[in-house]
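# Residue-level structure breakdown
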Amino acid sequence: MVESIAAALRDQVRQAAAHPGGLAVLTGAGMTAESGVPTFRDAMTGLWARFDPAELASERGFRAHPARVWQWYAGRRDGVRRAEPNAGHRALADFAARHPGVLTVITQNVDDLHQRAGNADTIRLHGELLRDRWFEPCPRSSTVGPPCDPATARAGEPPACADCGNLVRPAVVWFGESLPAAAFEAAERAVDACRLLLVVGTSGAVWPAAGLAARARRAGAVVAIVNPHDSEIDEQAHHLIRDTAARALPALLGGVPT
Ligand code: OAD
């Protein structure tokens, strides 16, 4: 990272740290790359290379090939469970511990590495890979009360309800599905309130998450992008840090006086 940009940004971090909600961080799959979890668009390797992730990560794809989609997610779940938070995740958690109430982490990622590092209140825009939900609304919930628990489903690929055959799916947002409204509204409030937005490890290819950088800029925040490569939202950045999450975040967030 160019030292002059780093120095300017560290000063921005120090100023943001003086304000509640002063720092917001939006992360994408690049945040997890140095934990050994392939980025979303790099994940299509090996036997999955011939499939389109937008097809697999969709209701249509699940309806057409439930076992294939379930197996793809099972492999991604195994990868996340084997992974550990990296220095970038730890830098965010350490900052939050030293500066309570300053940092909001907003993630597009569906893994649990921010939470395992210590940012338990991370705003999840695209759901949770390690959690299950029903594919169709549970019929019981419309007649007799709370829905059945997906954990009680009959084992299979995918598991299915023993009573009505409802399939189990991962609790992630699929292409064509809406983001959880409460999460996205919380993310909008966070970028409206922040003094500095760090955008880390995202191609900026998927909306509405990609629009948060422009929203922060319109609200008067300084926007910095951490990404070794170009992204589709680079023009929204005041600063471009051509570096990785695990190198840049400790350098930017470490040592900020409490
Ligand atoms: P992508 O795979 O589209 O982009 C990952 C970005 O991380 C790329 O711009 C890389 O250059 C960058 N990158 C790679 N290694 C990095 C590192 N070590 N440090 C920092 N950056 C690095 O993943 P996303 O932008 O997160 O949505 O994709 C957004 C969404 O697309 C995903 O959340 C997913 C998909 O649709 C859902 O699953 C709903």
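About the criteria used
Residues numbered from 1 in each chain as written. Predicted model: local features only at pLDDT ≥ 70, side-chain atom pairs only at ≥ 80, totals over all residues. Heavy atoms only, no water. Helix = DSSP H or I, 4+ residues; strand = E, 2+ residues; numbered from the N terminus. Rg over C-alpha atoms; globule rule 2.2 N^0.38 Å. Buried < 20%, exposed > 50% of the residue type's maximum accessible area, 1.4 Å probe, protein only. Contact = heavy atoms within 4.5 Å. Areas by Shrake-Rupley, 256 points an atom, 1.4 Å probe, with all protein chains shown as cover. Lys, Arg positive; Asp, Glu negative; His and termini not counted. Charge placed at Lys NZ, Arg CZ, Asp CG, Glu CD. Core = buried A, V, L, I, M, F, W, Y, C linked by side-chain atoms within 4.5 Å.

### What about the overall build of the chain?
- Counting its regular elements, the chain contains 11 helices and 8 strands.
- The C-alpha atoms of the chain give 19 Å as radius of gyration, which agrees with the globular expectation for 258 residues (18 Å, within 12%).
- Judged by the C-alpha coordinates and their principal axes, the chain covers about 60 × 40 × 30 Å.
- Here the chain holds 258 residues, and 49% of them are scored as buried.
- Once local pairs closer than 6 in sequence are excluded, the contacts in the chain between residues at least 24 apart make up 69%.
- Put simply, the chain shows about 11800 Å² of open surface, and 52% of that area lies on carbon and sulfur atoms.
- Charge-centre separation for the chain: the mean point of 27 positive side chains lies 1 Å from the mean point of 28 negative side chains.

### Looking at the nonpolar core
- By size, the foremost hydrophobic cluster in this structure holds 26 residues, and its most contacted members are Leu 23, Phe 95, Leu 196, Leu 198, Val 200, Leu 249 and Leu 253.
- Those elements that place two or more of their residues in this core are helix H1 (3-16), strand E1 (23-27), helix H6 (87-98), strand E2 (103-107), strand E6 (196-200), strand E7 (222-226) and helix H11 (245-253).
- Ranked by the residues each element gives to this core, the list is headed by H11, at 5 residues.
- Excluding residues that lie within four positions of it along the chain, Phe 95 makes contacts with Val 13, Ala 17, Leu 23, Val 102, Leu 103, Leu 253 and Val 256.

### Here's the deal with unusual backbone geometry
- Following Glu 157, the chain continues to Pro 158 via a peptide bond in cis, the omega torsion being 0 degrees.
- Within the fold, Pro 158 resides in the loop between helix H8 (139-143) and strand E5 (168-172).
- Cis geometry marks the peptide bond from Trp 207 to Pro 208; its omega dihedral reads 10 degrees.
- Secondary-structure assignment places Pro 208 in the loop between E6 and helix H10 (212-218).

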